[in-house]
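As a plain string of letters, each chain reads:
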Amino acid sequence: MTVAFDYTRSTGPVIGRFLTGLRDATIVGGRLSDGRVAVPPPEYDPVGHQAVTEFVDLPDTGTVTSWTWVSEPVAGQPFDKPFAYALITVDGADTPWLHAVEVASPDDIETGMKVRAKWAEERTGSVTDLVFVPDSVGLDTPPPSGSGGSTSDEVGLIVTPVSLDYHYAASPEESSFFRGLAEGRILGQRCPTCRKVYVPPRGACPTDGVPTSEEVELSHVGTVTTFCIVNVPFLGQRIKPPYVSAYVLLDGADIALQHLILDIPAEEVRMGMRVKAVWKPRDEWGTTIENISHFAPTGEPDADFDSYKHHL
Amino acid sequence: MRDVAVVGFAQRQMKDFDGSPSMAELLVPILAECYEQTGWAKKDIGFWCSGSSDYLAGRSFSFVSAIDAIGVLPPVNESHVEMDAAWALYEAWIKIQTGEVDTALVFGFGKASAGVLRRTLTLQLDPYTMTPLWPDTVSLAALQARLGLDAGLWDESAMAEVVNRSLTDAEKNEYAVRAGGSSVDELLARPMFADPLRKHDCAPVTDGAAAIVLAAGDRAREANQRPAWITGIAHSSDGLHLGTRDLTVSGSAARAAAAVGGTEGVQVAELHAPFSHQELVLRSALGLGEDVAISPSGGALAANPMFSAGAIRIGEAARRIWDGSADKVLGHATSGPALQQNLVCVMEAQENGRAK
């Protein structure tokens, strides 16, 4: 399972100045209250806490202050081959900057080594606009100057994509629920203490804090306890709004299941409406709740409010 | 100040938890163990506080699913921190100090194996100047280790000695996911992983959970024959930017130790050092001499479950008071890259360190 989101971040006057510099192939430092120059410039002085307002353009050369060898790079890192991360003190700066150094092996880098920036041709105003290389390496192209982007405006917004991969394991209770779905069954579990039936089953009864154990097969028919009409489009939406997402209390269950209500105009969906599960064709089933396409009206009379008022 | 003690502690640590990241099914037996130790039931707990992170679980509101393990009808007084449960313990300690409650149960949990931990932890860094480069936690610790090596503050043998002692002690810890000492020479002969760190210098990726029970005054004496009284607890943080702090020392750990009145007389210190050289940094920052037993549980190099490893250090230290093997102990927790945040909890056999 991949969880990903592109965060849009405003930069402010200090980080914006620094990132604008990178876009224009210039390293910009900030002067701290004690006179030292820091790269990247912090927004506030780390000791005196004053706003950092004085900026210094620095050369794109520096010295390795510390380094490590990334023998097994992970996704998103500057190289997909082994490389070095280093703390690099840019010439004219007093504090080191974390960045990547492109060398072939750990034998090709050492503390004290001189390095210089290798700038990307297309630069957006990001710390990824450059990597460092040993100063002894000849660069194919002369160092760029001026704006690398289509505009010379200050970099006021950046997009920082984040994407994380997970192996999502189901709990034993969730496993039996999903295996049941693959057989066209809806399985819940009953709490041994309060006798409530939970669907999907959980690791523990949220009322009593004890594991639920007894398996209960539930009806495919239930009652809409509450619902909302989705009018807002969002990323990944599969159905054109407006449509209804509802809590369906299956007959025999004590907790409602969230699902879609279709085959009826959205404005006609109501609390107490009786609905039944509409399953996809059997050859499309997997171990997923998506085996149930949606819930649709049964045509029965609405349930009395009293029959579900404790499940709202 | 009210006298507050650690009176209960339970833990589970494993390489790979086969279950959901909300870990409710792992927490149920842990909470049951706390009830058994104290003789209490759910109704005896005045305040609940947990530590966990949705970034680790890969799902939203995972801490809400986890409180199923408590059973929350009627509703309970509950809070959560996106930090190690050691900081949840700090919140609970303050809650008891306010007088609103007399008892608290704190717990932490995390299934680090669900993702790539060293990558997931990149999201705790400055999102403008660091995260786009995806510097992993192991690399950041390695940069810190080399700064100390280059400066002559420690050497590879000293780091290997920490590893050898930890993995030897871990042989006696049923929850260790890595154990078995060898020798400094044998350890130094192993290959580099993140030069200058070898794999054994880095805490193993660990799944797990833990819970600690706190109680004030008579409630503590009722629950435990020899409570571990908290006579000092403090935490502190260093700045966000790696470049503007000296990584070879830990200013925040030193400030936390100063805030609890120093560490003189401490016999056992459980230190949360996920990398071997960080134990050396912490011993110096906390002023722990050669006579202090360091992390007899095996420490974080033997098992390091995210969001509970710090609390486990406090629990392991408290146990030395309970069993009478020590009169003054220290539990330490860290969070953030390269020891950015540190918490110190000093516990003694006597309330406020007073002789009876």
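Predicted, not measured: the structure shown is a model, and the values here were computed from it.

A. Spotlight on the pairing of strand S7 (residues 97-101) of chain A. Residues and elements named next belong to chain A. The buried count for S7 comes to 5 of 5 residues, which makes it a mostly enclosed element. The pairing of strand S6 (residues 83-90) with S7 spans 5 bridges and is classified as antiparallel. Paired with tyrosine 85 across the two strands is alanine 100, which belongs to S7. The antiparallel hairpin formed by S6 and S7 contains 6 residues in its connecting segment, where glycine 92 sits at a positive phi of about 95°.

B. Main features of the environment of B:Glu279. Structurally, B:Glu279 is set in helix H11 (residues 276-286). Excluding its chain neighbours within four sequence positions, the residues that come into contact with B:Glu279 are B:Val162, B:Leu271, B:Ala273 and B:Ile294.

C. Quick peek at the domain arrangement of chain B. Residues and elements named next belong to chain B. Each assigned domain of chain B is listed with its residue range as follows: domain 1 (4-116 + 205-223) and domain 2 (130-203 + 230-347). Once you take the C-alpha centre of each, domain 1 and domain 2 turn out to be 23 Å apart. Contact residues are listed per partner, giving 32 residues for domain 1 and 23 residues for domain 2. Those elements that provide at least two residues to the side of domain 1 that touches domain 2 are strand S1 (4-14), helix H4 (85-97), strand S4 (103-111) and strand S7 (205-216). Here the residues of the side of domain 1 that touches domain 2 sort into 19 nonpolar, 9 polar and 4 charged.

D. Spotlight on the interface of chain A and chain B. Listed by partner, the interface residues are 55 residues for chain A and 47 residues for chain B. Residue assignment for the side of chain A that touches chain B shows that the elements contributing at least two residues are strand S1 (2-10), strand S5 (61-70), S6, S7 and strand S10 (157-165) of chain A. Counting residues per element, the side of chain A that touches chain B draws most heavily on S5(A), at 5 residues. Here the side of chain A that touches chain B is composed, by residue class, of 33 nonpolar, 17 polar and 5 charged.

About the thresholds
Counting restarts for each chain: residues are numbered from 1 in the order of the written sequence. Think of it this way: whatever chain is written first is A, whatever ligand is written first is 1, and the rest follow in order. In keeping with the model being predicted, local features are shown solely for residues with a pLDDT of at least 70 and side-chain atom pairs are shown and tallied solely at 80 or more, while totals for entire chains, interfaces and linings include all residues. Each residue is classified by how many other C-beta atoms fall within 10 Å of its C-beta atom, where C-beta atoms are placed from the backbone; a count of 20 or more means buried, 12 or fewer means exposed, and values in between mean partly exposed. A run of H or I in DSSP becomes a helix once it reaches four residues, and a run of E becomes a strand once it reaches two; helices and strands are each numbered from the N terminus. Strands qualify as paired when DSSP identifies two bridges or more between them. We call two residues in contact if the C-beta atoms placed from their backbones are at most 7 Å apart. An automatic or database domain assignment provides the domain bounds reported here. Think of it as three bins: nonpolar holds Ala, Val, Leu, Ile, Met, Phe, Trp, Tyr, Cys and Pro, charged holds Asp, Glu, Lys and Arg, and polar takes everything else, Gly as well.

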